[in-house]
Amino acid sequence: MPNTAMKKKVLLMGKSGSGKTSMRSIIFANYIARDTQRLGATIDVEHSHVRFLGNLVLNLWDCGGQDTFMENYFTSQRDNIFRNVEVLIYVFDVESRELEKDMHYYQSCLEAILQNSPDAKIFCLVHKMDLVQEDQRDLIFKEREEDLRRLSRPLECACFRTSIWDETLYKAWSSIVYQLIPNVQQLEMNLRNFAQIIEADEVLLFERATFLVISHYQCKEQRDVHRFEKISNIIKQFKLSCSKLAASFQSMEVRNSNFAAFIDIFTSNTYVMVVMSDPSIPSAATLINIRNARKHFEKLERVDGPKHSLLMR
Amino acid sequence: MANTDSDSTHLLISEVDLEINPGPMNIQFDSSDLRSKRPFYIEPTNIVTVNDVIQRVSDHASAMNKRIHYYNRLTTPADKALIAPDHVVPAPEEYYVYSPLGSAYKLQSYTEGCGKNTSLVTIFMIWNTMMGTSILSIPWGIKQAGLTTGMCVIMVMGLLTLYCCYRVVKSRTMIPLLDTTTWEYPDVCRYYFGAFGQWSSLLFSLVSLIGAMIVYWVLMSNFLFNTGKFIFNFIHHVNDTDTVLSTNNSNPVICPSAGSDDHPDNGSMIFYTNDTGHQQFEKWWNKSRTVPFYLIGLLLPLLNFKSPSFFSKFNILGTLSVLYLIFLVTFKAVRLGFHLEFHWFTPTEFFVPEIRYQFPQLTGVLTLAFFIHNCIITLLKNNRNQENNVRDLCIAYMLVTLTYLYIGILVFASFPSPPLSKDCIEQNFLDNFPSSDTLSFIARIFLLFQMMTVYPLLGYLARVQLLGHVFGDIYPSIFHVLILNLFIVGAGVTMACFYPNIGGIIRYSGAACGLAFVFIYPSLIYIISLHQEERLTWPKLIFHVIIIILGLANLIVQFFM
């Protein structure tokens, strides 16, 4: 039985100034709350209300506090912070000059995780990679990755290199979300069946809050590899505009003589996007198909049970 | 959106519109970071047939485009966090603009970054901004100092203020570790001197602004009075038979303050006539008793406008009036001829000695005449080739010095000295021409109109600086603004009635605000930054301390003259 009082957490941690707030703002389409008089850290507690993938709540913490206030607060609240954690995402600034310190703070976080939430998944993001010269990026990332893997034992961590100025951030978060879904292979198979039945060119499944692609099926090669991120950015931008009018985005249909695309709410935590290259098929038909598929997918989730499925809680 | 926090620093600027097309000069307060305004691709929309002939944006670039559009929505324009850094945006040569209908063209003349003004435009803008009403007092200043001394003082002051201006421009570059690209000079002062620096620079800036506004009111009353008198005399075909000393030919020059003592003449000329209509006019149209008040009705409403950008369209009038003055002075000089005699130390009946001890009055006037230090950074920011900044600044100062020298020397030299004494040169040299003189009538109308358009701009700047810093809001309520405007206008009216010596007002306010911005702050900041970098040597220290002492002396000695 899901315990709604104890929401599962996703911890986004890292040194102050490593880019967490910007990252959260970009991924979750929040306006950046800039507190001009930062007390040295982002104190981000349960008031955040950023939820995704069901009941996961995103918490931001600055690790490696600069002033004693933060240190004390952190250490006294440590158990509270690290309890009930589903995912730990730790952000490293690739330009940081204090590598030793960074690793030290990372290790202390890992210790706390080991004590309080040993089943948590760990992801490390080596961020701000755009500041590194292109020819050196792979090398530097590989070095860091080895160090981090070594340091993280016995826990397993997955490493990504990211930058907000290219597609790597979106891809990293999509990978993270993909790994958080337990029955993703089955989902993909069902998605493929669905797509083939309705003769769609491409079908995408997005996470509802972030429009990160959870899974997709395409029947032929598409030209633009960046299309997922572009769609996500376009829709998030549109959602921001909608929110200004106190309206919420629900569905969208885009059509011209070459194609028809439908974006609609799917299950309680996902959106689906269906692209049909045969524009002669009337919209109503596709929409009915989507509606029926919705019922099927929801049933699918219920079969798996709430413990395993992150799609519905 | 108007970025009002950055406009608290400008005195009188004509800044080119930041759009690609530099049209009429506007006082626009530019956004603090031009990088947030960079144009970017507009993608072609997918229309019916995708034409392969049209260049398409690369997928990578269009993804970046969407990213940047999206990130821009997440922050306020003032937040620099999500502005694309230079290394991720394509190089300027790769910018394309797409029309929604699909065709694309490359921007030929897109220039990245801050400046689109050529050197010529920058030099002109600096010259235009510096040319103020102090030009009217330069001949009087030369008279007070003596011709030789006057010329030397003008050149020395030009060089000194130029050096201090150079220090102001360089002051930003000596601040380590901080991004100072959007800073104006008061920000630099705040960095070095803390809140004291900020408040004192605000105070001195206000001194210069309000001093300028008082001078403007006095001059406007003067010009309005003379214009009205000219029109009245023209309509009623009255010939002035006034007792004021004047030359008896077709180029009359008058000496309004002859016969009275040092107390300045308020311009009431006595008409020997029995015409009651005339006397009525005399009573209601008086330079010091009534005309200043008539101006209130005209100008006080204009001061209350929220945004004066309408008035900035008339900026070109300033240039035209200076050019017209140059023409007028040349014309008069040709007609009157030169009247010069050189006596070194002793005054004669008609001439003044070459070297006089009252030359500090000229330095006071010149401090304001060469004053541009609180907005020079902004003016130079828009220079296309930033490496030419110093060269352009020197050229501009040279041109300004030449203009002042030209007008000053010509008026002084052509002043008809056998019948009139050189001592007659008025603090506003147009006062030496009778109100019936047509050419100077045109000059007065020109200047009157120009000043009426600049006055609201000065008022706006004063309001923004004072109210912005004290209340945090540049337009807290109509009452605050009204009270401030009444104070400023009241000061102007009072001066126009009781002390209409623009030379005096200019030299006091010039020396006071010049003390801070021209002499003390640039030198002190240079000394401090050198000391922090441990490059301070004794010669530099002594040189700059001398400059500071000169500034102080400049102010103190004004009170003894």
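Just so it is clear, the model here is predicted, and its values are computed rather than measured.

Side note on the overall build of chain A
In step 1: Along the backbone of chain A there are nine helices and 11 strands.
In step 2: For chain A, the residues scored as buried account for 52% of the 313 residues in total.
In step 3: Long-range pairs, those at least 24 residues apart, make up 67% of the contacts in chain A with a sequence separation of at least 6.

Focus: a nonpolar patch on the surface
Residues and elements named next belong to chain B.
In step 1: Taken together, the side chains of Ile 395, Met 398, Leu 399 and Leu 402 present a nonpolar region at the surface, about 340 Å² in accessible area.
In step 2: Inspection of the secondary structure assignment puts Met 398 in helix H12 (residues 389-414).
In step 3: By relative accessible area, which is 49% here, Met 398 ends up partly exposed.

Observations concerning the packing of helix H4 (residues 147-171) of chain B against helix H15 (residues 502-532) of chain B
Residue and element names in this part refer to chain B.
In step 1: Where H4 contacts H15, the two axes come as close as 9 Å, and the packing angle between them is 45 degrees. What the angle tells us is that H4 and H15 run oblique. The handedness of the crossing between H4 and H15 comes out as left-handed. When H4 is examined against H15, the residues Met 157, Leu 160, Thr 161, Tyr 163, Cys 164, Arg 167, Val 168 and Ser 171 are found in contact with a partner set consisting of Phe 517, Val 518, Phe 519, Pro 522, Ile 525 and Tyr 526.
In step 2: A per-class count over the contact of H4 with H15 returns 11 nonpolar, two polar and one charged.

Description of the sheet that holds strand S7 (residues 202-207) of chain A
Residue and element names in this part refer to chain A.
In step 1: Here we have five strands laid out as an open sheet, ordered S8-S7-S11-S10-S9, and antiparallel in their pairing. Both edges of this open sheet fall to strand S8 (213-218) and strand S9 (252-255), since each of them pairs with a single strand only. Going across the sheet, the axis of each strand differs from the next one's by a mean of 10 degrees, ignoring polarity.
In step 2: Set on the sheet, helix H7 (residues 184-198) makes contact with S7, S8 and strand S11 (270-276); between it and S8 the angle comes to about 40 degrees.

Points about the packing of aromatic side chains
In step 1: Enumeration according to the criterion identifies 31 aromatic pairs over all chains in this entry.
In step 2: Through successive ring pairs, a cluster of aromatic residues spans Phe206(A), Phe211(A), Phe238(A), Phe249(A) and Tyr271(A).
In step 3: The cationic tip of Lys422(B) hangs over the ring face of Phe412(B); the distance from NZ or CZ to the ring centre is 4.9 Å.
In step 4: Here Arg507(B) stacks its cationic end above the ring of Tyr508(B), 4.7 Å away from the centre of that ring.

Focus on helix H5 (residues 137-152) of chain A
All names here are of chain A.
In step 1: Compared with the 22 Å implied by 1.5 Å per residue over 16 residues, the 22 Å span of H5 between its first and last C-alpha is a close match.
In step 2: Among the residues of H5, those classed as buried are Arg 137, Phe 141, Arg 144, Glu 145, Leu 148 and Ser 152. The arc that holds the buried residues of H5, viewed along the axis, is 105 degrees, so those residues lie on one side. Across from the buried face of H5, at angles greater than 90 degrees, the exposed residues are Leu 139 and Glu 146.
In step 3: Considering only its buried residues, H5 is in contact with strand S4 (85-93), helix H4 (99-116), strand S5 (121-127) and strand S6 (157-161).

Some details on helix H5 (residues 185-236) of chain B
All names here are of chain B.
In step 1: Here H5 is 52 residues long, yet its end C-alpha atoms lie only 54 Å apart, well below the 76 Å a rise of 1.5 Å per residue gives.
In step 2: If you look at H5, its biggest bend is around 145 degrees, right at Phe 193.
In step 3: Positive phi appears at His 237, one or two residues downstream of H5, with a value of about 50 degrees.

Structural notes on the interface of chain A and chain B
In step 1: Contacts between chain A and chain B engage 29 residues on the former and 26 residues on the latter.
In step 2: Here chain A meets chain B over a buried area of about 2,400 Å², counting both sides, of which 55% is carbon and sulfur.
In step 3: Taken as a group, Trp165(A), Lys230(A) and Gln237(A) account for 30% of the area that chain A buries against chain B, more than any other trio of residues on that side.
In step 4: Applying the counting criterion to the chain A and chain B interface returns one salt bridge.
In step 5: No other element matches the nine residues that helix H8 (residues 227-244) of chain A contributes to the side of chain A that touches chain B.
In step 6: Taken together, the residues of the side of chain A that touches chain B break down into nine nonpolar, 10 polar and 10 charged.

Some details on the pattern of salt bridges
Residue and element names in this part refer to chain A.
In step 1: Here the structure, examined in full by the defined rule, presents 16 salt bridges over all chains.
In step 2: Across the salt bridge formed by Lys 15 and Glu 98, the nearest N and O atoms sit 3.2 Å from each other. You can see Lys 15 sitting in the loop between strand S1 (9-14) and helix H1 (20-28) and its partner Glu 98 sitting in the loop between S4 and H4, a full 83 residues away along the chain.
In step 3: In this structure, Glu 98 engages Lys 101 in a salt bridge whose closest nitrogen and oxygen atoms are separated by 3.8 Å.
In step 4: Taken together, the shared-partner salt bridges connect Lys 15, Glu 98, Lys 101 and Asp 102 into one network.

What counts, and at which threshold
- Residues numbered from 1 in each chain as written.
- Chains lettered and ligands numbered in written order.
- Predicted model: local features only at pLDDT ≥ 70, side-chain atom pairs only at ≥ 80, totals over all residues.
- Heavy atoms only, no water.
- Helix = DSSP H or I, 4+ residues; strand = E, 2+ residues; numbered from the N terminus.
- Buried < 20%, exposed > 50% of the residue type's maximum accessible area, 1.4 Å probe, protein only.
- Contact = heavy atoms within 4.5 Å.
- Patch = residues over 30% accessible without salt bridge, like charges linked within 9 Å, V, L, I, M, F, W, Y side chains within 5 Å.
- Areas by Shrake-Rupley, 256 points an atom, 1.4 Å probe, with all protein chains shown as cover.
- Salt bridge = Lys/Arg side-chain N within 4 Å of Asp/Glu carboxyl O.
- Axes fitted to C-alpha atoms, helices over the stretch in contact; angles between N-to-C directions.
- Parallel < 35°, antiparallel > 145°, perpendicular 65-115°, else oblique.
- Left-handed = near helix turned anticlockwise from the far one by under 90°.
- Nonpolar A, V, L, I, M, F, W, Y, C, P; charged D, E, K, R; others polar.
- Pairing = 2+ DSSP bridges.
- Phe/Tyr/Trp six-rings, centres within 6.5 Å; stacked < 30°, edge-to-face > 60°.
- Lys NZ or Arg CZ within 6 Å of the ring centre and 35° of its normal.
- Expected span 1.5 Å × (residues − 1).
- Arc of directions from axis to C-beta.
- Bend = angle between axes of the 7 residues up to and from the residue.
- Buried area = accessible area lost by both parts, 1.4 Å probe.

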